[in-house]
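Here's the letter readout for the chains.
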Amino acid sequence: MKVKDIVTKIDWYYPWLTACDFDNVGLLVGDEEAEVKKAVVALDCTHEVLDFAIEQGATAVVTHHPIIFDGLKKVTAESVVHKAIKNNISIVCAHTNYDTGTNGVNDHLCKKLGINVTKSLMIDGLLIRGGEFAKQVSAEELALRCRDSLLARHIAFADGGKPIKKVVVCSGGGGSLLSDVMASGADAFITGEAKHSDFVAAKNAGFTLMVCGHFETEDIAIAPLAALLTREVPGVEFIECHKSPVNHI
């Protein structure tokens with residue numbers, strides 16, 4: 001198989017054209033005609049992930065976050081882009097197209113947390129999910145569920161003081177969507193990142209904001225993506241890598 005076979009199959013399930021305008025997706029480094037027998041699937045393309053790929057003998061890496069997001073000014077020997085090129089590793093990135101697609105990141109996050117998806121909401125160009133729990137939970141119960149289901153090291157939340165059944169979910173950095181989510185009729189908002197002022201706003205509005213970590217709310221979608229590609233791109237071994245760039249003490 002070739003790199004272009006991976007690119008084509010991702011496009012079939014999560015079309016590149018559905019990515020947000022600000023995004024950078026697809027084959028970002030490498031040669032679409034390059035042969036691939038092993039590929040690593042990870043959230044980010046860091047030096048550590050590339051080292052893992054090299055150790056595994058992989059010639060492609062599929063990530064969620066783009067290795068090139070803003071315009072590059074230079075590519076020097078210490079950069080991850082240079083390391084990928086030097087080691088003949090192609091980098092394919094599926095970002096917001098994978099976030100919002102059917103059976104994408106937000107859907108996998110809902111499944112992990114036991115949320116029955118009932119609708120999609122378009123807020124600031126992002127298609128996120130709304131759903132319900134089978135029964136009401138408290139903010140503390142929800143925090144414990146998020147911690148245990150996502151293997152999160154740290155859960156931060158504003159307790160709205162009300163039972164929670166209807167929730168909105170946005171993987172990654174969704175804090176800026178808070179005001180629109182509160183207006184949607186939900187009881188709580190689960191996301192990966194938010195500012196202190198978002199917690200203040202939620203608390204004052206009697207609304208539960210649950211922040212579980214950017215990595216934790218998205219890394220849960222790496223295994224399903226690797227499984228999909230394993231099934232759909234025969235002849236390539238897709239190896240999961242769950243190395244986080246974030247350290248905790």
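Above this text you will find the structure in question.
Residues numbered from 1 in each chain as written. Predicted model: local features only at pLDDT ≥ 70, side-chain atom pairs only at ≥ 80, totals over all residues. Heavy atoms only, no water.

S.K.: Account for the packing of aromatic side chains, naming residues and giving values.
M.R.: What characterises a pair of aromatic rings is the spacing of the ring centres plus the angle enclosed by the ring planes. Taken as a whole and judged by the stated rule, the model has three aromatic pairs. Among the aromatic residues, those joined into a cluster by ring pairs are Tyr13, Tyr14 and Tyr98. (Phe/Tyr/Trp six-rings, centres within 6.5 Å; stacked < 30°, edge-to-face > 60°.)

S.K.: Can you lay out the pairing of strand E6 (residues 126-137) for me, pointing to particular residues and giving the numbers?
M.R.: As defined by bridge partners, strand E5 (residues 116-123) adjoins E6 across seven bridges and the pair is classed as antiparallel. In the strand pairing of E6, lysine 119 is matched with glycine 130. Where E5 hands over to E6, the hairpin turn is made up of two residues, of which aspartate 124 adopts a positive phi near 50°. Sheet analysis places E6 next to strand E8 (residues 164-170), joined by five bridges and oriented antiparallel. The partner of glycine 131 across the bridge, within E8, is valine 167. (Pairing = 2+ DSSP bridges. Helix = DSSP H or I, 4+ residues; strand = E, 2+ residues; numbered from the N terminus.)

S.K.: If you had to explain the sheet that holds strand E7 (residues 156-158) to someone new, which residues and values would you point to?
M.R.: Overall, mixed pairing links the six strands, which are arranged E5-E6-E8-E9-E10-E7 in an open sheet. Each having just a single partner strand, E5 and E7 make up the two edges of the open sheet. Geometrically, the sheet is characterised by an average inter-axis angle of 20° between neighbouring strands, direction not taken into account. Two strands pair when backbone bridges link them, and E8 and strand E9 (residues 188-191) are joined in this way by four bridges, in the parallel orientation. Each bridged residue has a counterpart across the sheet, and for cysteine 170 the counterpart in E9 is threonine 191. Helix H5 (residues 105-113) contacts E5, E6, E8 and E9 of the sheet and is inclined by roughly 10° relative to E6. Along the sheet, helix H6 (residues 139-150) contacts E6, E7, E8, E9 and strand E10 (208-211); its crossing angle with E6, the most-contacted strand, is approximately 115°. (Axes fitted to C-alpha atoms, helices over the stretch in contact; angles between N-to-C directions. Contact = heavy atoms within 4.5 Å.)

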